[in-house]
Amino acid sequence: MERARGFRRTGASGAGRRGWAVVTAAATAMAASLTLGAAGAAAGAPGAAGDHPIVFARYTAAAPTEDLYAISPSGGTTAKLTHTPAVSEVMPSWSPDGKHVAFVRYGSGGAIDGIWTMNTTGGDLKAVPGTKGASDPAWSPDGKRIAYAKPVGPQREIYVAGVDGAHATRLTHTAADDLHPTWSPDGAYLAFNRADAGGHSRVMKIRLSTLAQTAVTGPGSHDWTPDWSHGDRIAFSRVDSSGFAHLHLVRPDGTGLHRITAARANDKNPSWSPDGHSLVFTRGGVDDADPEHLYLVRADGTALTELTKTDSHDLEADWRP
């Protein structure tokens, strides 16, 4: 079972890994601190934003299971947050108060174990009940709920539940694949991407009070992994006519669409800085074996900065609020 995330590849284990593949798992202990020392941002670098740390998933050829890491937006040494050689942790999402992280856990079999949460010291590890098979967790702005994608038959739909799994509510009911929800700053809407059977994906928006849905980007697009800023912009990754994925910004009403990266590389999984001035994202090459590194860029497309530089696959970054 794969999640249609736009870029499919196999990683070092050959088991339909990260790029956009779905998952399983077992529980083991984790330990490490998410607290990073603040180093001053280099002049002109886009990563100040209070130096709030960035959490992400990493795997390498030598360590094909994924663990969570954190890094300062100013760069420096990464901190390994999970230590589970037989289990992968992916898709991290910070709580709005910066005290917890939600993530997806899976093992070598490929079936998703579900969504888990932990505190910032790696303790208080909890599975979110009712989320077996779920992916793409996104913590609500009030810290009380988590949105996620969950399989319903052959496709995935968007759900919202309490952090303890209570009152799980299915929000979408379509024959398409709905995934990667992201909250509006006021918690009234979710944006997400909808992938159809023809291989296209567009950014959609749903109002939680009425479940009314509107398209943010047009049909026939290849738009993935939206992230809603604390203001009025949604960042997402679009595979365009060049065959590469580039970052784009759009207003929630669909206006103001424009591209901010243009390299001959695949740019994906954008995440906004807490001040809304910059983004962190993954840049990868054209081959599955090419390293994938985290980059920072200002929202106007300037001050591109490579953040991680090891021979690794660094994915699905989330910038602490």
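In this numbering scheme, every chain counts its residues from 1 along its sequence in written order. Given that the model is predicted, a residue must reach a pLDDT of at least 70 before its local features are reported, and side-chain atom pairs must reach 80 or more before they are shown or counted; all residues, however, enter totals for whole chains, interfaces and linings. No hydrogens and no water enter the side-chain calculation; it runs on all heavy atoms of the structure.

## Section: the overall build of the protein
- A tally of helices and strands in the protein yields 0 helices and 24 strands.
- Buried positions account for 55% of the 321 residues belonging to the protein.
- In this analysis, two residues are considered to be in contact whenever any of their non-hydrogen atoms come within 4.5 Å of each other. Put simply, 42% of the contacts in the protein that link residues at least 6 apart link residues at least 24 apart.
- The method behind every accessible area is Shrake-Rupley, applied with a 1.4 Å probe, and residues are considered shielded solely by the protein chains displayed. Of the accessible surface of the protein, which amounts to about 12,300 Å², a share of 53% is contributed by carbon and sulfur atoms. Helix and strand labels come from DSSP, where a helix needs a run of H or I of at least four residues and a strand needs a run of E of at least two; each type is numbered from the N terminus. The rule is simple: take the accessible area with a 1.4 Å probe, protein chains only, and divide by the maximum for that residue type; under 20% is buried, over 50% is exposed, in between is partly exposed.

## Quick notes on the sheet that holds strand β18 (residues 245–250)
- Only strands that DSSP links by at least two bridges are regarded as paired with each other. Here 4 strands make up an open sheet; going across it, the order is β16-β17-β18-β19 and the pairing antiparallel. Edge positions in the sheet fall to β16 (223–228) and β19 (258–259), since each has one partner strand and no second.
- Pairing analysis gives 2 bridges linking β18 to β19, with the strands arranged antiparallel. When the sheet's bridge partners are listed, Leu249 is paired in β19 with His258.

## Observations concerning the confidence of the model for the protein
- As a per-residue measure, pLDDT reflects the predictor's confidence and takes values from 0 up to 100. Mean pLDDT over the protein stands at 85; residues scoring 70 or higher make up 83%.
- This model gives residues 1–44 a pLDDT under 50, and the stretch forms 161 contacts once residues within four places in sequence are excluded.

## Observations regarding the pattern of salt bridges
- Note on definitions: salt bridges are taken to be side-chain nitrogens of Lys or Arg within 4 Å of carboxyl oxygens of Asp or Glu. Within the structure shown, the criterion is met by 11 salt bridges.
- With its nearest N and O atoms 3.4 Å apart, the salt bridge here joins Arg170 to Glu157. Here the residue Arg170 occupies a position in strand β11 (residues 169–170), and Glu157 occupies one in strand β10 (residues 155–162), the gap between them amounting to 13 residues.
- Given a relative accessible area of 25%, Arg170 falls into the partly exposed group.
- Residue Asp178 pairs with Arg194 through a salt bridge whose shortest N-O separation is 2.7 Å.

## A closer look at the pairing of strand β17 (residues 234–239)
- Judged by how many residues are buried, β17 sits mostly within the fold: 6 of 6 residues are covered.
- Pairing between β16 and β17: 4 bridges, direction antiparallel. Its bridge partner lying in β17, Trp224 is registered against Ser237.
- Count of turn residues in the β16/β17 antiparallel hairpin: 5 residues.
- Bridge count between β17 and β18: 6 bridges; the pairing is antiparallel. Within β18, the residue paired with Phe236 across the bridge is His248.
- Connecting the antiparallel pair β17 and β18 is a turn made up of 5 residues, with Gly243 showing a positive phi of about 90 degrees.

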